[in-house]
Amino acid sequence: MEPLTQSADAAAPPDGPPAALVQALWRHRFARILAEMTAGVEHSALSPALAHGGELACALLDRQGFTVAEHGDMLRAGALGPQVRAALAHHPALQPEQVLAVSDPWAGGSELGTLTLLTLLAGSDGASLGYLAVSFGRGDWAESPAGPPEAQVDLAAEALPLPTPGESLAELPPAVGPRYRSFHAAETTRLAGRPRTAEQEGWRLGPTLLTDAALQSLVHKQRDPLVASADIKAARGALRWGAHHLRALDKRHGAAAVRKRMEEQQEQTRTTLTAALQRLPNGVYAFADSLDDDGAGASDLPIRVTVQLGSSPERRRLSFDFRESADATAGALNTVAAVVHAAVRCALMTLLPVGVAANDGLHGLVELNLRKGSLLDAGPDHAVAAGATETAQRVVDVVLGALSQALPQPLRAAGAGTHSALVLRAPASDAVASAGTRRLYLRESLAGGLGASPTAAGASGQHAPPGPRALSCELIEQRLPVRVLRLALRDDSGGGGVHSGGSGLVRELLLLEDLHLELCGERRRRPPYGLGGGGPGQIGRDTLIRAGAARPLPAKVRLLLRAGDILRSESPGGGGYGDPMRAAFFAALLA
């Protein structure tokens, strides 16, 4: 493969290569640096989330803190621009080679489960070249004390109610969007226990220089300091590796040329989106969907968006108004503006052709309107642990639903819209746990089906937007005293239509020892919507099998499970697209 420092024009004809070729070459160079940074972290990290799960994103940013190139988890990467700008506003005196660490949603972070490291790059001309940033899951919110003992429900067999025959369907409250009937989970709500509060999510880290002393203080707050130290050092090493190769580009081509190519990458993305918007009619497009519940008693939390396409022919702008969304809730589904920005970005990238770089070149074309104190812009007194995973995916769904109304053909139906995440850990308290027991911890997600489009069926067993990777059955069994009895596609879980939605997954875990379980899932009440007459995907289900009896579980719950229990998780399928012959049938399901 061509060295990173090889000149683009070394063997070019006298007139020089075409501008498009030069842009593509620089896009490849920037992307390759980030891809190898990611590979370096995965090779050196010890936690399954980083080494195998792909809970990592890297970005190259310009001098103002706007991303030029991104790699990894799309939602995590899309939030890096706002995070870096907020962190630098709190710590503007960052010097070259210094590393700034932050894990605070209200000071340059996205949620308390994420740690972001960034460093400043100086050019050979003495001026700033830009920034490199790495964001990864620290897992602290799941590892922190989970509240008072009564929040950890120990399920005796007789405490698990069976569903009542004939009461499985219920009408959901109205919403501005698909209003399907779906399964009702009221019979399980009394098992939910107390919701996770903001204090129980874990410690916050404002923008702090990552010195050796700060690193030691940071890792000793984690469940496993050895693993935490390896993860953070791997991320810091990736920043140094990326800085080294960007300096090589600077030495070969000059700092001014590197900055110019960075600006061109952003301008190409901006120009491509502007061209795509020119084909859309002016207008106002509204759409809404709901989160099932917050795990604290509130249900059917609406997320509403009104998209307005501006009429200026020379510079089209999109305005996204989310101010009619639900108020902040007691559960952990709240989120912050950086996450909403990333979710809107993910939806807009579907308008662009393959090969266009994902970056903040879209920034000047998009306006977000959020309401303080709402679910999408909660204050520091609200828990946000699940907002960057569950709520963000619902934001993607409603933005795609609104944009589909403006297009000749819809983009795609809704996907599973949830990570169906579970945390399994040893039941011993942190105060008395031995080093070996403290390592009995695993955070894992279960992919679902993707929505169908006018041209293709939805993919099965994937996250949308592309996010964490599933851990192998062998790794799960190695990390925890469990046995994977089954991992398979969930047949017929995708919505019907000319193109059917993708299938979800079903997984069964047999517990060999007592373990604490924490579930956080969505799409258990309101299914992923179909488009063009296509049917909705099947909702997800979580089931505990104890002593041969299968009992439903709420999607957000903390439980103490016993050896011999079987946990079955079924993720939702994607919505289908198009089928005029069935359109009347599915219309009958709309409230």
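This text follows the structure it describes.
Structure report, in brief. Note that the structure is a prediction, hence the values are computed from the model and not measured.

The next thing to look at is the overall build of the protein chain. If you tally the helices and strands in the protein chain, you get 13 helices and 22 strands. A buried classification covers 59% of the 591 residues belonging to the protein chain. Across the protein chain, the fraction of contacts at a sequence separation of at least 24, relative to all contacts at a separation of at least 6, is 74%. When the accessible area of the protein chain is evaluated, it comes to approximately 22600 Å², of which 55% is carbon and sulfur surface.

Another aspect to go through is the pattern of salt bridges. Under the defined criterion, the tally for this structure stands at 32 salt bridges. Here Arg 323 ties to Asp 321 by a salt bridge, and the two come within 2.7 Å at their closest N and O atoms. Put simply, Asp 289, Asp 293, Asp 300, Arg 394, Asp 397, Glu 522, Arg 523, Arg 525, Arg 526 and Lys 556 are held in one network by salt bridges that share partners.

Attention now moves to the pairing of strand E14 (residues 421–425). Across the five residues that make up E14, a large majority, four, are buried. Examined bridge by bridge, E14 and strand E18 (residues 515–520) share five bridges and lie antiparallel to one another. Along E18, the bridge assignment pairs Ala 421 with Cys 520. As defined by bridge partners, E14 adjoins strand E15 (residues 441–444) across four bridges and the pair is classed as antiparallel. Among the inter-strand pairings, Val 423 is bridged to a residue of E15, identified as Arg 443.

Ordered in space as E10-E11-E12-E13, the four strands form an open sheet in which the pairing is mixed. Looking at the sheet topology across the chains shown, the edges are occupied by strand E10 (283–293) and strand E13 (366–369). Put simply, the sheet's adjacent strands are angled 20 degrees from each other on average, direction ignored. Two elements, E10 and strand E11 (residues 299–309), share 10 bridges in a ladder whose sense is antiparallel. Residue Asp 293 lies in a different strand from E11, and its bridge partner there is Ser 299. In the packing of helix H10 (residues 387–406) onto the sheet, contacts are made with E10, E11 and strand E12 (318–321), and the angle to E10 comes to roughly 150 degrees.

Attention shifts here to the packing of aromatic side chains. Ring pairs (aromatic) are described by centroid distance and by the angle formed between their planes. Applying the stated rule across the entire model yields two aromatic pairs. Arranged with centres 5.6 Å apart and planes meeting at 55 degrees, the rings of Trp 26 and Phe 30 form a pair that is tilted. Pair noted here: Trp 26 and Phe 30 are both in helix H1 (residues 19–44), with a separation of four residues, about one helical turn. The class of Trp 26 is buried, set by a relative accessible area of 2%. Residue class for Phe 30 comes out buried when judged on its relative accessible area of 1%.

Packing of helix H6 (residues 212–219) against helix H7 (residues 225–253) leaves a shortest axis separation of 9 Å and a crossing angle of 140 degrees. Relative to H7, H6 is oriented oblique. Relative to H7, the crossing made by H6 is right-handed. Across the interface between the two elements, Asp 212, Leu 215, Leu 218 and Val 219 from H6 touch Pro 225, Ala 228, Ser 229, Ile 232, Lys 233 and Arg 236 from H7. Grouping the constituent residues of the contact of H6 with H7 by class yields six nonpolar, one polar and three charged.

This brings us to unusual backbone geometry. Of note in the backbone geometry, Arg 523 takes a positive phi value of approximately 60 degrees without being a glycine. Mapping Arg 523 onto the fold places it in the loop between E18 and strand E19 (541–546). Its relative accessible area of 0% is what places Arg 523 among the buried residues.

Read from one edge of the open sheet, six strands run E2-E1-E5-E4-E3-E9, paired in antiparallel fashion. Each having just a single partner strand, strand E2 (67–72) and strand E9 (205–209) make up the two edges of the open sheet. Within this sheet the neighbouring strands show an average axis-to-axis angle of 15 degrees, counted without direction. Pairing of strand E3 (residues 99–103) with strand E4 (residues 114–122) involves four bridges; the strand directions are antiparallel. The residue of E4 that forms the bridge with Ala 101 is Leu 117. Contacts from H1 reach strand E1 (56–61), E2 and strand E5 (128–137) within the one sheet, and its direction differs from that of E1 by about 145 degrees. Running over the sheet, helix H8 (residues 255–278) touches E1, E2 and E5 and is turned about 55 degrees from E5.

In an α-helix, one turn spans 3.6 residues; hence positions three or four apart end up facing the same way. For H1, spanning 26 residues, the distance from its first C-alpha to its last is 38 Å, which sits close to the expected 38 Å at 1.5 Å a residue. All of the buried residues along H1 are Val 22, Gln 23, Leu 25, Trp 26, Arg 29, Phe 30, Arg 32, Ile 33, Leu 34, Met 37, Thr 38 and Val 41. Of the surrounding secondary structure, the elements contacted by the buried residues of H1 are helix H2 (48–51), E1, E2, E5, H7 and H8.

Here we come to the pairing of E1. Of all six residues in E1, six are buried; the element is thus mostly enclosed. Here E1 shows a buried face lined by Leu 56, Cys 58 and Leu 60 and a second buried face lined by Ala 57, Ala 59 and Leu 61. Of the pairings in the sheet, the one linking E1 to E2 comprises five bridges and is antiparallel in character. For Ala 57, the partnering residue across the bridge sits in E2 and is Gly 72.

Now for the environment of Asp 224. Topologically, Asp 224 is positioned in the loop between H6 and H7. It is 9.5 Å that separates the C-alpha atoms of Asp 224 and Ser 47, two residues lying 177 residues apart in sequence.

Bringing the side chain of Asn 369 into the picture now. With respect to the helices and strands, the residue Asn 369 is situated in strand E13. Accessibility expressed as a relative area gives 18% for Asn 369, which makes it buried. Aside from chain neighbours lying at most four places away, what touches Asn 369 is Ser 319, Phe 320, Asp 321, Phe 322 and Arg 323.

Calculation rules
- Going along each chain's sequence as written, the residues are numbered from 1 onward.
- Given that this is a predicted model, residues contribute local features only at a pLDDT of at least 70 and side-chain atom pairs are listed and counted only at 80 or more, while totals for whole chains, interfaces and linings are drawn from all residues.
- With hydrogens and water set aside, each side-chain value is computed from the structure's full complement of heavy atoms.
- Labels follow the DSSP assignment, with helices taken as runs of H or I lasting at least four residues and strands as runs of E lasting at least two, numbered in each case from the N terminus.
- Relative accessible area decides the class of each residue, using a 1.4 Å probe on protein chains only: under 20% of the type maximum gives buried, over 50% gives exposed, and in between gives partly exposed.
- Any two residues whose heavy atoms approach within 4.5 Å at even a single point are treated as in contact.
- In short, Shrake-Rupley with a 1.4 Å probe defines the accessible areas, and a residue's cover is counted only from the protein chains shown.
- For this analysis, a salt bridge means a side-chain nitrogen from Lys or Arg found within 4 Å of a carboxyl oxygen belonging to Asp or Glu.
- Between any two strands, at least two bridges found by DSSP are needed for them to pair.
- Angles here are taken between N-to-C directions and fall from 0 to 180 degrees, while the axes themselves are lines fitted to C-alpha atoms, restricted in helices to the stretch in contact.
- The aromatic pairing rule takes the rings of Phe, Tyr and Trp, using the six-membered ring of Trp, and pairs them if the centres are within 6.5 Å, calling planes under 30 degrees apart stacked, those over 60 edge-to-face and the rest tilted.
- Should an angle fall under 35 degrees it is called roughly parallel, over 145 degrees roughly antiparallel, and 65 to 115 degrees roughly perpendicular, with every other angle called oblique.
- Each crossing gets its hand from how the near helix is turned against the far one by less than a right angle, where anticlockwise is left-handed and clockwise is right-handed.
- Residues are sorted three ways: Asp, Glu, Lys and Arg are charged, Ala, Val, Leu, Ile, Met, Phe, Trp, Tyr, Cys and Pro are nonpolar, and all the rest, Gly among them, are polar.
- Each residue after the first adds 1.5 Å to the expected span of a helix.

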